[in-house]
Amino acid sequence: MVERAFLELGTIDVFVNNAAYGLYGAVEEASDRQIEHQFMTNVLGSLRAARAVLPFFRKQGGGHMVQISSMAGQLFYSGYGTVLLFEMGGRRSL
């Protein structure tokens, strides 16, 4: 999809990365499948999107990525903050 956008538009100045959803509840109540799905979406989804757009930004000589996340990673809501803490740290390294 990213490649198609660049092919059709020529250049892209801003990429908004907002791949995430909330999984609320106590940690012990969430199944492994639920936690893995949230991790795959919130962490790996965001990283994959960034990895898809960055080569095009480099090729065109620049661009801006707006990374949207939740304050839950900073505030650590029960059952939700674990993935977001990891997610926020990983995004800052981009």
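Residues numbered from 1 in each chain as written. Predicted model: local features only at pLDDT ≥ 70, side-chain atom pairs only at ≥ 80, totals over all residues. Heavy atoms only, no water.

Draft legend 1. Representation of the environment of Gln60 in the model. For Gln60, the location among the structural elements is in helix α2 (residues 32–60). Each C-alpha atom, one on Gln60 and one on Asp13, is 9.4 Å from the other, the two residues being 47 residues apart in sequence. Leave out the neighbours within four places in its chain, and Gln60 touches Phe6, Gly10, Thr11 and Ile12. (Helix = DSSP H or I, 4+ residues; strand = E, 2+ residues; numbered from the N terminus. Contact = heavy atoms within 4.5 Å.)

Draft legend 2. Spatial organisation of the packing of helix α1 (residues 2–9) against α2. Axis separation between α1 and α2 bottoms out at 9 Å; the angle between their running directions is 30 degrees. On the basis of the axis angle, α1 is roughly parallel to α2. Contacts between α1 and α2 involve Val2, Glu3 and Phe6 from the first element and Ala52, Val53, Phe56, Phe57 and Gln60 from the second. Classifying every residue of the contact of α1 with α2 by side-chain character gives six nonpolar, one polar and one charged. (Axes fitted to C-alpha atoms, helices over the stretch in contact; angles between N-to-C directions. Parallel < 35°, antiparallel > 145°, perpendicular 65-115°, else oblique. Nonpolar A, V, L, I, M, F, W, Y, C, P; charged D, E, K, R; others polar.)

Draft legend 3. Fine view of the pattern of salt bridges. Within the structure shown, the criterion is met by one salt bridge. Notably, a salt bridge pairs Glu8 with Arg4, separated by 2.8 Å at the nearest N-O pair. Of this pair, Glu8 and Arg4 are both found in helix α1, four residues apart, which corresponds to roughly one turn of the helix. The residues Glu8 and Arg4 share a single accessibility class, namely exposed. (Salt bridge = Lys/Arg side-chain N within 4 Å of Asp/Glu carboxyl O. Buried < 20%, exposed > 50% of the residue type's maximum accessible area, 1.4 Å probe, protein only.)

Keep in mind these numbers describe shape, not what the thing actually does.
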